[in-house]
Amino acid sequence: MASPAPLPPAEADPGARLVLAEHLLACESAVACARAVVDWLARRHGAPAACVGPGEVAGASVCLASEGLTGAQQAALARAWDAPGSPLATFRTRPGARWLAADALEGAAMPGGFLAVPLGRPGATAAALLMVGLPGPAVPEDVAWVASSAGPHLARQLASDARAPRRPEPDRLLRRVINAVSDPVLLTDTDGTLLFANARAEGLLVAGPDASPGRMRAVELNQRLFRETLAQGGTSVHRREVPLVDPLEGMDLLFELVTTPVLAPDGPSVVVSVLRNLTDLGRATQALGESYRQLRATEREARSERHRLDRVLDSVADPIILTDPAGGMVMMNDPAERLFAWPQAQGAAGEGAADESTLRRVRTNIALFASFLANLLGPVNAGVSRWKSQLTLDDPATGSPVPMEAMANKVLGDGGELTGIVTVFHDRTEVLERARLLERVKEVSSELEARVQSATAELAEQNEKLRRQAIQLEQASAAKSQFLANMSHEFRTPLNAILGYTNMLLQGVSGEMTPPQRRNLTRIDSNGRHLLEVINEILDITRIEAGRMPLHLSDFGIPELLQEVMAEMDPIIARSKLTVETRLDEGLPGVWSDRQKVKQIVLNLLSNALKFTHEGGVHIAAEYQNATGTVAISVKDTGIGIDVSNQEKIFEDFQQVDSSPTRAYGGTGLGLSICRRLAAMLGGRVSLQSAPGQGSTFTLHFPRRARRT
Amino acid sequence: MTNSPEKQKPLVLVVDDYQDAREMYAEYLEFSGFRVAEAKNGQEALDKAFELVPDVILMDLSLPVMDGWEATRRLKGDARTKGIPVVALTGHALKGHTDDANEAGCDAYVTKPCLPDALVDQVKKMIARRDAAAAR
């Protein structure tokens, strides 16, 4: 054949090349790699192709893959590559040789010639030889590309194949499956020699030559532990635990080892070991136990909490009921139980009737409660959050009515949904009783008030009556005084004429009279004067009572006053034939009083003394009592005297000891009464010392200096 | 004044509505040497007093038509009669009368019953006082 001419450039096909490149990367053996290359070239060029490489037995090459060639041809090619000095063998000895035309080959193995291209790392001796049945001398671009890209790969595979011993290999898929198992899976022979380990197992039991010393030690330890454990169990199916070390972390791990002896198809017995990590399980168990304990503790806590809550609720005197959203009773405290719970079985046979009524009351109470709760239940009442009402329940034990105020509140969950209703009852018995008592108190109080008012009104009426009576009395008294004043005037006017004419006659205005005429006229005169005296005394009493008797206070001396009295009384004294003596205390002071009234009193007392004394005399004495600052003028007689029983009476109006019409002594009976009143006006008094037949002593006591009242 | 030689006796005007008393005093006054004029009430007393200008007037206080107090007030309020002494006579012994009488201008005060001789004494006293006052 001619020297190889350059091949026309084959059309570039990047797609086909990419497919081949990917395929080559996936190839894990030299044979597969060679097959891919040969197939690709044969398809592209429609020419026979082959790849020759070293065989298993050292020194003899084999045809790794071929297309379109007979077995003899394949063998011839292999031999030609091995034969020293052959054109093909030059590729082994001449690194960098590029190609060889087939016609250079003796004993043509491929009719038509072929191109041979060395395969291997650039610059190194060829690891294999690629041959394509194409005429030379030009090497098509495809072939050059295949040689350059597949060469290094094939060389690597051949080196790897040569290093790794040939051993029974599971199928690739199966291998992948096993690798995917998360538990470590190992295949060993019966001595424990490792035949295969999946990825997880390798992590624990295999260390590459470039592993760290720590990992090496951990793996060695693990292998020893594994082998020892495996040896203990024999070859039957067995479970046991293996403690291993995590080579990465150094943690203790615990595995369960399950071993199964398997008889390989080609004879030798192998052992499949599956390790299951118990460490996590242990931890899980431990965690579970812990959780369980916590759960128990929480439950216990919850129970005690619930218990405490129960006790709190029970300690509340007011009945409390918790109901679910449907109105069913969930919980109630003791006070609520007394009203709403079915009574405990009483046991005693004789209490059937009582039980019956108790049950009826409980039923009634429950019915009342249900109708009360209906105000909160159902979609209609969704907007109502609380309800308050008054219920009258029956005490199941006694049947007495229990007025209650019930207050129900909805309990809402986190999402606002109704989770329950709490109802609290409040016993209103006391409140009602208090209200009733209050009402009663109010009634009584208003009754009392009415009574007080009527009493007050009555009192006011009485007062008014009294006031009117007082006015009437005053008016009557004034009328009496006025009457007496008028009467005295009416008396005086005619008396004035009587006394006047008598006086004129006695003076002889109408000529001289005979002695009997004169005597009779004198009697008219004296009776007229007596009448005048009576009228004057009545007038005095009236004036004193009417408060129309004023005090005229002045300085005067007692001796002069007594002299005047004696002088005025002289005619009467002379007629009485009695001795009248006056004795004045030495050093009698001047007095400040109503002279006229003092004189009137003394005149009256002396006149009385003379009237009631028949023999003996009258003794007048005046003295000043320094201690009391009073003046005392006493008139002592030797007259008939006055019995003690009458001593008070004689000072009363119109009273004498003998007030009978046949009495022996004249007079109005007003004299002493007037004296006593006048003495009182002076701030003094009139006293009496007397006994029948022993004479009498009347004494006027009055203060030396009178005070206006 | 009125003491002309023919009328040397003093003139006393007796005013009293009670005829017996009036005539009794008049008789005793004449008996005692006085001339007497009489009046039954206050108005008559004023008329007589202005007409006769008496030396003394005896005036009962309780009078019809015009009472003694009013009559006295008028007499004392008139220049013609102002100087004539007035002796008040009353049966009312109550206090108010005296005060009223003094206030009205009475020169003396006599309580009834008053005996004719006591009254004449009072009249003489009045005339003496007046003469004494006139002599000064």
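All of these numbers come straight from a predicted model, not from anything done at the bench. (Residues numbered from 1 in each chain as written. Chains lettered and ligands numbered in written order. Predicted model: local features only at pLDDT ≥ 70, side-chain atom pairs only at ≥ 80, totals over all residues.)

K.L.:
Run through the overall build of chain B, naming residues and quoting values.
P.N.:
Secondary structure assignment for chain B yields five helices and five strands. Sequence-ordered secondary structure for chain B, helices as α and strands as β, is β-α-β-α-β-α-β-α-β-α. Put simply, chain B has 136 residues, and 40% of those count as buried. (Helix = DSSP H or I, 4+ residues; strand = E, 2+ residues; numbered from the N terminus. Buried ≥ 20, exposed ≤ 12 C-beta atoms within 10 Å, placed from the backbone.)

K.L.:
If you had to explain the interface of chain B and chain A to someone new, which residues and values would you point to?
P.N.:
Residue-level contacts link 17 residues of chain B with 19 residues of chain A. Within the residue set of the side of chain B that touches chain A, elements represented by two or more residues are helix H1 (19-31) and helix H5 (116-135) of chain B. With five residues, the single largest contributor to the side of chain B that touches chain A is H1 of chain B. (Contact = placed C-beta atoms within 7 Å.)

K.L.:
Please set out the sheet that holds strand E22 (residues 696-703) of chain A residue by residue, giving values where relevant.
P.N.:
Residue and element names in this part refer to chain A. With respect to topology, five strands assemble into an open sheet ordered E17-E19-E20-E22-E21, the strand pairing being mixed. Of all the strands in the sheet, the pair left with one neighbour each is strand E17 (579-584) and strand E21 (685-690). Adjacent strand axes in the sheet meet at a mean angle of 15°, parallel and antiparallel pairs treated alike. Examined bridge by bridge, E21 and E22 share six bridges and lie antiparallel to one another. (Pairing = 2+ DSSP bridges. Axes fitted to C-alpha atoms, helices over the stretch in contact; angles between N-to-C directions.)

K.L.:
Hey, could you go over unusual backbone geometry for me, with residue numbers and the actual values?
P.N.:
Residue and element names in this part refer to chain A. For Lys577, which is not glycine, the phi torsion reads 60° and is therefore positive. Looking at the element boundaries, Lys577 is found in the loop between helix H14 (558-576) and E17. For Lys577, a count of 8 C-beta atoms within 10 Å puts it in the exposed group.

K.L.:
Explain the pairing of strand E12 (residues 329-332) of chain A to me, and be specific about the residues and the numbers.
P.N.:
Residue and element names in this part refer to chain A. Sheet analysis places strand E11 (residues 320-323) next to E12, joined by three bridges and oriented antiparallel. Each bridged residue has a counterpart across the sheet, and for Thr323 the counterpart in E12 is Met329. Adjacent in sequence and paired antiparallel, E11 and E12 are bridged by five residues, among which Gly327 carries a positive phi angle near 100°.

K.L.:
Give me the nonpolar core: which residues, what numbers.
P.N.:
In terms of nonpolar packing, the biggest core is built from 46 residues, with Val37, Leu119, Ala128 and Leu129 of chain A touching the most fellow members. Among the elements of the structure, helix H2 (30-45), strand E1 (49-54), strand E2 (61-67), helix H3 (71-82), strand E4 (115-119), strand E5 (128-132) and helix H5 (141-163) of chain A are those that each provide at least two residues to this core. It is H2 of chain A that contributes the most residues to this core, nine residues altogether. Setting aside residues up to four positions removed in sequence, Val37 of chain A forms contacts with Cys51, Leu130, Val146 and Ala150 of chain A. Formed by 39 residues, the second largest nonpolar core is a distinct cluster that contains Leu13, Ala21, Ala49 and Leu75 of chain B. (Core = buried A, V, L, I, M, F, W, Y, C linked by C-beta atoms within 7 Å.)

K.L.:
If you had to explain the environment of Leu248 of chain A to someone new, which residues and values would you point to?
P.N.:
Mapping Leu248 of chain A onto the fold places it in the loop between strand E8 (238-245) and strand E9 (252-263). For the pair formed by Leu248 of chain A and Leu204 of chain A, sequence separation is 44 residues and the distance between their alpha carbons is 8.9 Å.

K.L.:
Please set out the packing of H14 of chain A against helix H15 (residues 595-611) of chain A residue by residue, giving values where relevant.
P.N.:
All names here are of chain A. Running from N to C, H14 and H15 point in directions that differ by 25°, and their axes come no closer than 10 Å. In this view, H14 runs roughly parallel relative to H15, as classed from their interaxial angle. As for how H14 packs across H15, the hand of that crossing is right-handed. Of H15, the residues touching H14 (which contributes Leu561, Glu564, Val565, Glu568, Met569, Ile572, Ile573 and Ser576) are Arg595, Val598, Lys599, Val602, Leu603, Leu606, Ser607 and Leu610. When the residues that make up the contact of H14 with H15 are grouped by side-chain class, the tally is ten nonpolar, two polar and four charged. (Parallel < 35°, antiparallel > 145°, perpendicular 65-115°, else oblique. Left-handed = near helix turned anticlockwise from the far one by under 90°. Nonpolar A, V, L, I, M, F, W, Y, C, P; charged D, E, K, R; others polar.)

K.L.:
Any chance you could break down the pairing of strand E4 (residues 86-90) of chain B for me, citing the residues and the numbers?
P.N.:
Residue and element names in this part refer to chain B. Burial within E4 is extensive, with five of its five residues counted as buried. Alternating positions in E4 separate into two faces, Val86, Ala88 and Thr90 on one and Val87 and Leu89 on the other, with burial throughout. Looking at chain direction, strand E3 (residues 56-60) and E4 are connected through four bridges and run parallel. The residue bridging Leu58 from the neighbouring strand is Val87, located in E4.

K.L.:
An account of the confidence of the model for chain B is requested, with residue identities and associated values reported.
P.N.:
Residue and element names in this part refer to chain B. The predicted model of chain B averages 83 in pLDDT, with 85% of residues at 70 or higher. The secondary-structure element of chain B with the lowest mean pLDDT is helix H4 (residues 95-104), recorded at 62, while strand E2 (residues 35-39) shows the highest, at 94. In the model, residues 1-6 has pLDDT below 50 throughout and makes five contacts with residues more than four positions away in sequence or in other chains. (pLDDT = per-residue confidence, 0-100.)

K.L.:
Describe H1 of chain B, and please don't skip the residues or the numbers.
P.N.:
In this model H1 of chain B runs 18 Å from its N-terminal to its C-terminal C-alpha over 13 residues, within 8% of the 18 Å that 1.5 Å per residue would give. Among the residues making up H1 of chain B, those that are buried are Ala21, Arg22, Met24, Tyr25, Ala26, Tyr28 and Leu29 of chain B. Taken together, the buried residues of H1 of chain B touch helix H12 (429-506) of chain A together with strand E1 (11-15), E2, E3 and H5 of chain B. Phi turns positive, to about 100°, at Gly33 of chain B, one or two residues after H1 of chain B. (Expected span 1.5 Å × (residues − 1).)

K.L.:
Could you give me a rundown of H15 of chain A, with the residues and numbers involved?
P.N.:
Residues and elements named next belong to chain A. An ideal rise of 1.5 Å per residue puts 24 Å on 17 residues; H15 measures up with 24 Å between its terminal C-alpha atoms. Residues Lys597, Val598, Ile601, Val602, Asn604, Leu605, Leu606, Asn608, Ala609 and Leu610 constitute the buried set of H15. Contacts made by the buried residues of H15 are with H14, strand E18 (591-594), strand E19 (617-625), strand E20 (630-637), helix H16 (671-681) and E22.

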